[in-house]
Structures are given as structure tokens and as C-alpha cells.
Amino acid sequence: MNIIWFRRDLRLADNQALASAVSAGECLPIYILDEAEETEISGAGKWWLHQSLDQLNKALDGTMHFFKSSAASIIPQVANEINAKAVYWNNCYEPSFVKRDKEIEEILQKSGVNCQRFEGAHLWKPGAIVKGDGTPYKIFGPYLKASIASGPPPEPLSPPHKLQLKKVTLSGEVHLNDLNLLPKIKWFGGMAARWEPGEAAAKKLLNDFVANRLSHYSKERNYPARDILSRLSPYLHYGELSPATLWHAVQSSRSTTADKGKFLSELTWRDFAYSLLYHFPETVTQSYNVRLQKLRWQYNKALLEKWQKGQTGFPIVDAGMRQMWQTGYMHNRVRMITASFLVKNLLMDWRIGAEWFMDCLVDADLAVNTMNWQWVAGTGLDAAPFFRVFNPVLQSKKYDPDGTYIKTYVPELAGLPKSALHEPWKAKATVLKAAGISLGKDYPLPCIDLQTSVKEALKAFEETKF
DNA sequence: TGAAATGTTGGGGCG
DNA sequence: ACGCCCCAACATTTC
């Protein structure tokens, strides 16, 4: 008997470890909520993970064995208990996984248990796409080029025809509910209303995206009110959908080369993020740009809370922060706007923002989140320059021109005409009155002055020169 | 996958 | 016909 260890690959289709384990005969599926890893999973992500594990367990006829402990002790223990010949798993490239998995592999090898490791979380695993001299790419453009030159990822595998799964009672195993992934306070209503975790739902959403939305992708992807993005990121994170499956579905679709290329380049950004995390793991906690490590960030609890709660007084920022809080998701364009606002207007450390996003997003992913925050902050690899500051009003007018997105998440402004929606503090008293809005009461006044705050940020930036 | 300031160009109105 | 100004449109520079 063999062990199939599920991790960030909560699917049956295109799962190399599962396919190999099944073809080797009877196997026993396990999932471990590693205590060390648990602290890194977002609040929203825990809700997602619970649903996803529930779905997977059902697809496995309820044979999944759950543990809440350290994987380094559980894996060898279970292997010993059932006298396993081998343990199968798919690799994951977060630094904590890499280190831990290596230790487990060594322990297993010492006790004569075979270790079968596979790929499947990326188009190209971190380390595979490197420059001619073996050093990692630091710029996305050349990375993308090299990735394309490496050819298409392998064709996805079908789900196994017949599972020979074993359910036994193992010492120390718990019920899914005992992983305590669901919060005691039921704040996840907004997420449950918008999301359906699990492999089957991922497949449905993928088909819908390719059939109905991909053909608008390159033109409309920046407009948060349009429902054009794939929304597949959480499924990719937990492995309910493999990147290779997504890649081939997009590539073989009837959309234009422009739309396919744009989308696949975005998908490649995900690989690039993992490549950066793999080669520069210290960037999770440190600005990559050494000069900017000296930047004097400000910390203001009251302002931070306004940002977190979507009460800054800037409608597009508030809409984004509330969308995330309510649904566990935020449109990509608005992620950039809200992040830029925290870093460049409130001059707060990007790590504070990164942490908040990690806790609120159902698609929270250490590699992607770290890269994107460092990009916005201008501290990272291949990042925007620090002085590239998004003006939330201009961005709002440009990407949410009729205010549909704002009105959805900031309903108290719904009565305003679109000419006043993007900067209500400039609206005439009569307009505000007609909309039944008293600024500072029904909706906050701007928490900072845009021009002054940008000047402050640039001043702090200048100071890092010395 | 900025924004604002500054510079350049060219068409058109006008004396 | 010509120079002059205005200004929109676009390009370049700077933060």
C-alpha cells in the first residue's frame, strides 16, 4: 500500500502524483494541516480550504485521512503504521515547503520508504527557466520569452479511471471539521455567496471563462465593473485546477492570438513570482531594493484602519477594500490602486499591506502577493519606479467611468451623478444634498490630501539617496 | 500595468 | 501673403 499525500493539489485531474500512486495499486489519501503552515494561511483562505477539502474528500468517496500536526512527524508515522512502500506527492515551492519536504524525504529514505515526487503546480517549475549562465531572470519580459521558447507545458492528465482507495482508522487522525478551518464567527456569508470552491466548480468556471470572457480579455481586463477576469486564482492556489490544464484550454480556444497571449502572459507572471520567491526568499520580509530598505515608512493606526475598512474617503479605494473584505477577492486593477494608496499616499510599509491582503484574499499566495506588493512599492525586482504614483481619482475616472463598480461596493454614494462619484468632496452642496449625502457623516471626507501626500512620499524617497 | 510639467508641432483664426 | 497667437495633440522629461 502507498500513501498519496495531498497538499496544494486538491484535484483528481492532471495530478501526476495521484495518477502514479493509483497505477501502483491501492493507496491511502491523507491531508495534513501542518501547524507551521497554518499560520501562513489567510483567514479567507481557510474558509476556502475547508470547502475544497470537503469537495475532494467527497470525490474520494470519503476516504481522506485528515491530520492536524507536523507533517514531518505524521508522514513517517503513518508510513510505518500501514507499512507503506512509498509516499507520493506533488512538489510545492514555497520556501517552508521546500525545506520541510526535503527533511521528510530524508527521514523516509532512512526508514526504507520510497519517495515519489512530481510536478504540477506550475507551467515550468522554479529553477527550470533560467538565463544561459544559470542565474535567475530578474525581469519578466525575458523570462516570458524563455518560457515560451521552452514550448508548451505537458498535456494535462485525465483523472484516474479507477481509484483503489483505502480507508482505515489511523492513530491521531481527525475529522475535517476538527481542522478548525471555519471561523467561529460566521463572517464568510459574502464569500459563500460568490464562490464555489472545489475541482468541479473550477472546471465549470474555466469553461465559462474560455467560452464567454477570454475574447474580451485584452481590451476589458482593466475595467473592474466588467466581469472579464478568469477568477481562477484561488483554484490555482489550492491546486483545484492545474496551470497546464488552464494553459491548454486557453491555447486551444477560438479567441484571438492577442487575447490568448495576454492571458497566458499573466499566467506566466504567476510562475515568475514563484521563480523570484524560490531564488530570493528573503524578499518576503525585505525590500529587494537595498536603497529603499532605508525608507522611513510612517505608521498611523487610525489611517491604516480606514484603509482596511474602506473608509478612506476615496471611492475607488474604498470600493476595492470593501470588495475584498466582503468577497475575499479584489479586481486586479483595483489591487494596484489600493496598494499604491497605502504605500505612496499613506506612506505605510508595503509589508503591512501585504499582510492584510494575505489575510483577506481567498487567492492569497505568498509568491504572487510578495512580488506584487514589492512591484507597487517600487522596492522589488522588475518593479515600478517608486515615483510612479497612481492617482486614485484619475484611475477611477479612467477605469470605472460610469461608477458602476464604486456604486456596487460603496452603495451610500449610489445617488451621486457620475460626474461627482470619483471625488465627492468636490461636488456642489446642492448635488450632495440631492443625493442625500452629508460628507463626513454618510461617507467620509478624504483622509489625506493627495498632492501633499505624494510630495511627502517623494521626499522620503529622496532621503534614501543619502 | 503613472502623472504632471514641460517641450514641440502644426493647423486655423485674425489683423 | 504673412506673421503672430492660440491651442489642441502629441512627445519628452521629471518626479
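For the structure itself, look to the data block above.
Residues numbered from 1 in each chain as written. Chains lettered and ligands numbered in written order. Predicted model: local features only at pLDDT ≥ 70, side-chain atom pairs only at ≥ 80, totals over all residues. Heavy atoms only, no water.

Participant: An account of the overall build of chain A is requested, with residue identities and associated values reported.
Facilitator: On a plain count of helices and strands, chain A comes out with 22 helices and five strands. Its C-alpha atoms give chain A a radius of gyration of 24 Å, near enough to 23 Å, the size a compact globule of 466 residues would have. Across the 466 residues in chain A, those meeting the buried criterion constitute 54%. Sequence separation of 24 or more characterises 79% of the internal contacts of chain A that already satisfy a separation of 6 or more. Entry remark: accessible area of chain A is about 20,400 Å², with carbon and sulfur atoms responsible for 53%. (Helix = DSSP H or I, 4+ residues; strand = E, 2+ residues; numbered from the N terminus. Rg over C-alpha atoms; globule rule 2.2 N^0.38 Å. Buried < 20%, exposed > 50% of the residue type's maximum accessible area, 1.4 Å probe, protein only. Contact = heavy atoms within 4.5 Å. Areas by Shrake-Rupley, 256 points an atom, 1.4 Å probe, with all protein chains shown as cover.)

Participant: So, the protein's contact with DNA strand B: which residues are in play, and what are the values?
Facilitator: Every residue lining DNA strand B is accounted for by W269, R333, M336, W375, F387, R388, V389, F390, N391, L394 and Q395. Near the protein, meaning within 4 Å, the atoms of DNA strand B are sugar or phosphate in a fraction of 65%, with bases accounting for the rest. Contact between DNA strand B and F387: a base nitrogen at 3.0 Å from a main-chain N or O atom of the residue. Contact distances for DNA strand B include 3.3 Å between a phosphate oxygen and a side-chain N or O atom of R388. Counting only elements with at least two residues in the surface near DNA strand B, the list comes to α15 (332–345) and α18 (392–399). Within the surface near DNA strand B, the residues separate by chemical class into seven nonpolar, two polar and two charged. (Near = heavy atom within 4 Å. Polar contact = N/O pair within 3.5 Å; in protein donor to acceptor, adjacent residues only side chain to side chain. Nonpolar A, V, L, I, M, F, W, Y, C, P; charged D, E, K, R; others polar.)

Participant: So what about the side chain of R8? Which residues, and what values?
Facilitator: Mapped onto the fold, R8 is located in the loop between β1 (2–6) and α1 (16–23). For R8, the side chain forms a polar contact with the side chain of E94, separated by 2.9 Å. Every residue in contact with R8, bar those within four places of it in the chain, is listed here: E37, C92, E94, F97, H237, Y238, G239 and Y274.

Participant: So what's going on with the pattern of salt bridges? Residues and values would help.
Facilitator: Opposite charge on two side chains lets them pair, provided their charged atoms get close. This structure, assessed with the given rule, holds 29 salt bridges. R335 serves as the salt-bridge partner of D363, at 2.9 Å between the closest nitrogen and oxygen. Of the two residues, D363 is situated in the loop between α16 (350–360) and α17 (366–377) and R335 in helix α15; the sequence distance between them amounts to 28 residues. As far as burial versus exposure is concerned, D363 and R335 are alike and both buried. (Salt bridge = Lys/Arg side-chain N within 4 Å of Asp/Glu carboxyl O.)

Participant: So, the packing of α16 against α17: which residues are in play, and what are the values?
Facilitator: Viewed as axis vectors pointing N to C, α16 and α17 meet at an angle of 145 degrees, and their least axial separation amounts to 10 Å. For the pair α16 and α17, the sense of crossing is right-handed. Between α16 and α17, the residues in contact are W350, G353, A354, F357 and M358 and L366, N369, W373, Q374 and A377, respectively. For the contact of α16 with α17, the per-class residue count stands at seven nonpolar, three polar and no charged. (Axes fitted to C-alpha atoms, helices over the stretch in contact; angles between N-to-C directions. Left-handed = near helix turned anticlockwise from the far one by under 90°.)

Participant: Outline the packing of aromatic side chains, listing residues and values.
Facilitator: Overall, the coordinates contain 28 aromatic pairs when judged by the stated rule. When the centroid spacing of 5.1 Å and the interplanar angle of 50 degrees are considered together, the rings of Y143 and F272 count as tilted. With a gap of 129 residues between them, Y143 in helix α6 (residues 140–149) and F272 in helix α12 (residues 257–279) connect regions that are remote in the sequence. As far as burial versus exposure is concerned, Y143 and F272 are alike and both buried. (Phe/Tyr/Trp six-rings, centres within 6.5 Å; stacked < 30°, edge-to-face > 60°.)

Participant: I'd like a rundown of the nonpolar core, residues and numbers included.
Facilitator: If you look at the biggest cluster of nonpolar residues, it comprises 73 residues, and the most contacted ones within it are W307, F341, L346, F357 and W373. The dominant element in this core, judged by the number of residues it contributes, is α15, at seven residues. If near-sequence neighbours (up to four positions away) are discounted, W307 is found in contact with T312, V317, M321, T338, F341, L342, L346, G353, W356, F357 and W373. In this structure, L56, M64, F263 and L264 belong to the second largest nonpolar core, which totals 55 residues. (Core = buried A, V, L, I, M, F, W, Y, C linked by side-chain atoms within 4.5 Å.)

Participant: How would you explain the sheet that holds strand β3 (residues 65–69) if you had to name every residue and give the values?
Facilitator: Strand order in the open sheet formed by five strands is β3-β2-β1-β4-β5, with parallel pairing between adjacent strands. Each of the sheet's edge strands pairs with one partner strand only, and the pair in question is β3 and β5 (114–118). Sheet twist, expressed as the average angle between the axes of neighbouring strands with direction ignored, equals 25 degrees. Most of the contacts of helix α4 (residues 71–81) go to strand β2 (residues 27–34), to which it runs at about 160 degrees, and overall it touches β1, β2, β3 and β4 (86–90). (Pairing = 2+ DSSP bridges.)

Participant: Lay out the side chain of S453 in plain terms, naming residues and giving numbers.
Facilitator: Note on placement: S453 falls in helix α22 (residues 450–463). Residue class for S453 comes out buried when judged on its relative accessible area of 7%. A distance of 2.8 Å separates a polar atom in the side chain of S453 from the backbone oxygen of L450.

Participant: Quick rundown of the pairing of β5? Include the residues and the values.
Facilitator: Taken together, the five bridges between β4 and β5 define a ladder with parallel strand orientation. Residue V87 lies in a different strand from β5, and its bridge partner there is C115.

Participant: How would you sum up the environment of G403? Please name residues and give values.
Facilitator: Its place among the elements puts G403 in the loop between α18 and α19 (404–409). Put simply, G403 and K125 are 278 residues apart on the chain and 41 Å apart in space, counted from C-alpha to C-alpha.

Participant: Report on the packing of α12 against α17, specifying residues and quantitative values.
Facilitator: Orientation of α12 relative to α17, taken along the N-to-C sense of each, is 90 degrees, at an axis distance of 8 Å. Taken together, the axes of α12 and α17 are roughly perpendicular relative to one another. Contacts between α12 and α17 involve W269, R270, F272, A273, Y274, L276 and L277 on the former and, on the latter, L366, A367, V368 and M371. In terms of residue class, the contact of α12 with α17 is built from 10 nonpolar, no polar and one charged. (Parallel < 35°, antiparallel > 145°, perpendicular 65-115°, else oblique.)

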